[in-house]
Amino acid sequence: MNKSRRRFLQQSTALAAASFSGISAATKSFANASANDRPRLGCIGTGDRGMWDSREHARFADVVAVSDVDSSHAERARIDENIGRGKAKAYSDYRKVLDDPNIDVVSIVTPDHWHSKIAIEALQAGKHVYCQKPLTLTLEENQLIRRAAKRYSDSIFFVGTQQRSDPRTFLRAVNMVRQGLLGEIRKVTIGIDGAPTGGPFPVKDPPKELDWERWLGQAPLVDYRAKRCHYDFRWWYEYSGGKFTDWGAHHVDIATWAVGMDGENQGPIEVDGSDAHHPVELVDGSPTAHDSYNTSHDFLVKCHFDTGLEFEVTSRARNGILFEGSRGRLFVNREKITGVPVEEDWDAGKYGSEELRTLYKGKPHEGHMENFYRTLREGGQPVSDVFSHLQMMNTCHLCAIAARVGRSITWDPREERITGDDIAAGLAARQPRKGYEIPQV
């Protein structure tokens, strides 16, 4: 390896390590260098991940409002010296953030079933949007978000999929695949681990600081169980897609981006969920027990594309992504990138600042949050754009639906509908609770 290439990879490794530890090694001189040039930010959702994101935002924006249905979370963010600094307003109702004409940007870090409603309403209010992944709860919400993002195209919409900013591992893998260095990609194995099992969990009174009815939002009104709320919402199909959308939104994203299947009207044509197991019995895809985790904990779902490409989304492989091409294979996850193409430097002379600029849609490579605020100033599309994310989320939701019904389902990627299976097609949307409808734009 020549010295310049070694230096580049060493610098990339340092940047990636700093970024994933929450400390950005990239300069912020390009944006908000002046106190008068900093956007005003409202943070909606300030639990553990929300606090993390809020502190990152505060390097570039002034946090003037925080909101959470758990008042203890909102107050924690309000007084945090790196977020609200005791000066931000604290609300239980996010709509007060959206109604404030002085707020330019909103950060949305709520449970998954709230993302689409808040994001679309933020666009309608003229805000720029940073929303954590996974962006949607259903296939229908993908279409609603896409339409809203196109209609309100003056607003920047950025998705929090930080793996798209790691040059040491994921960006190097994506570049190798997109450059054709592995040959024709025939199969991608996507290891996303299995969801936990647990329950039955007891009914309790909600904590006094939590507005449980509002936390439920569009989801059915049910008794409070501590394991339904906050971090553990991920393991209930009422609020999430389990591992299919939790880790899938990271690794399926990288796989889809690398193989170039992230454009509109692209996606799998058949998804086989016959080899998936759940901790509770499901009837027609719906859980029959309401006191226990219900998302799939053991699965191997196969996605077939019309090109002959196959994705295997599984809990039974190492967490990460294995690309298998006609010329070679490589494995990548958050810790490493391995395989003969890496060991022999097949990308020598083909992976550097220009290649990273291409992956970053014409912008220089830098940290995830830096890219968001650069895009606010310069326009264009960010590295983690809403449209490719939605295409990838189609695959994640189809995996969850196929696993829930326990069979193979067919998908028309152009019409974006499940065909020949009324029960599976019925899981493509949810009926929201009255008063929590998602705007149709």
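Every chain is numbered on its own, with residues counted from 1 as its sequence reads. Residue-level local features of this predicted model are given only where pLDDT is at least 70; pairs of side-chain atoms are given and counted only at 80 or more, and the full residue set underlies all totals for whole chains, interfaces and linings. Processing note: side-chain calculations cover all non-hydrogen atoms of the structure and skip hydrogens and water entirely.

Chemist: Break down the pairing of strand β14 (residues 320-325) for me, with residues and values.
Modeler: Partly exposed residues are those whose accessible area sits between 20% and 50% of the maximum for their type, while under 20% is buried and over 50% is exposed, using a 1.4 Å probe and protein chains only. Helix and strand assignments follow DSSP, with helices taken as H or I runs no shorter than four residues and strands as E runs no shorter than two, numbered in order from the N terminus. Burial of β14 is extensive: five of the six residues sit out of reach of the surface. Pairing geometry for strand β7 (residues 185-191) and β14, over six bridges, is antiparallel. When the sheet's bridge partners are listed, I185 is paired in β14 with G325. Note on pairing: DSSP must find at least two bridges between two strands before they are called paired. In the sheet, β14 pairs with strand β15 (residues 329-332) via four bridges, with the strands oriented antiparallel.

Chemist: Explain unusual backbone geometry residue by residue, including any values.
Modeler: Cis geometry marks the peptide bond from K133 to P134, where omega comes out at -15°. As for its placement among the helices and strands, P134 is situated in the loop between β5 (128-132) and α6 (139-151). Positive phi is not limited to glycine here, since H230 has a value of about 50°. With respect to the helices and strands, the residue H230 is situated in the loop between α8 (212-216) and α9 (243-246). On the basis of relative accessible area, H230 is assigned to the partly exposed category, the value being 32%. The phi dihedral of E416 falls on the positive side, at around 55°, and the residue is not glycine.

Chemist: Mind laying out the pairing of strand β1 (residues 40-44), listing which residues take part and the relevant values?
Modeler: Buried residues dominate β1, accounting for four of its five residues. Two strands pair when backbone bridges link them, and β1 and strand β2 (residues 62-67) are joined in this way by five bridges, in the parallel orientation. Residue pairing across strands places I44 opposite S67, the latter belonging to β2. Note: β1 against strand β4 (residues 105-108), four bridges, orientation parallel. Counted as the bridge partner of I44 is I108 from β4.

Chemist: Outline the packing of helix α5 (residues 112-124) against α6, supporting the account with residue identities and numerical values.
Modeler: For helices, the fitted line uses only the C-alpha atoms of the stretch in contact; every axis is such a line through C-alpha atoms, and the angle between N-to-C directions lies from 0 to 180 degrees. One can describe the packing of α5 onto α6 by two numbers: an axis separation of 10 Å at closest approach and a directional angle of 15°. Comparing their axes, α6 and α5 come out roughly parallel. The crossing of α5 and α6 is left-handed. Here S116, A119, I120 and L123 of α5 come into contact with α6, specifically with E141, L144, I145, A148 and A149. Note on terminology: angles under 35 degrees are roughly parallel, angles over 145 are roughly antiparallel, angles of 65 to 115 are roughly perpendicular, and the others are oblique. Left-handed describes a crossing whose near helix is turned anticlockwise from the far helix through less than a right angle; right-handed describes the clockwise counterpart. Note on contacts: a residue pair qualifies if any of its non-hydrogen atoms lie within 4.5 Å across the two residues.

Chemist: Tell me about the nonpolar core, and please be specific about residues and values.
Modeler: Residues belong to a common nonpolar core when they are buried Ala, Val, Leu, Ile, Met, Phe, Trp, Tyr or Cys residues joined through side-chain atoms within 4.5 Å. In terms of nonpolar packing, the biggest core is built from 78 residues, with V188, I190, F244, I321, F323 and I409 touching the most fellow members. In terms of residue count, helix α14 (residues 386-405) provides more of this core than any other element does, 10 residues in total. With sequence-adjacent residues up to four places away left out, I321 is seen in contact with F170, V188, T189, I190, H251, I254, A255, L330, F331 and V332.

Chemist: Help me get a handle on helix α3 (residues 71-79), residues and values and all.
Modeler: Taken as a whole, α3 has its buried residues at H73, A74 and A77. Along the long axis of α3, the arc covered by the buried residues comes to 95°, so they all point the same way. Elements in contact with the buried residues of α3: α2 (48-57), β2 and β3 (89-91). Our arc is simply the arc of the directions from the helix axis toward the C-beta atoms.

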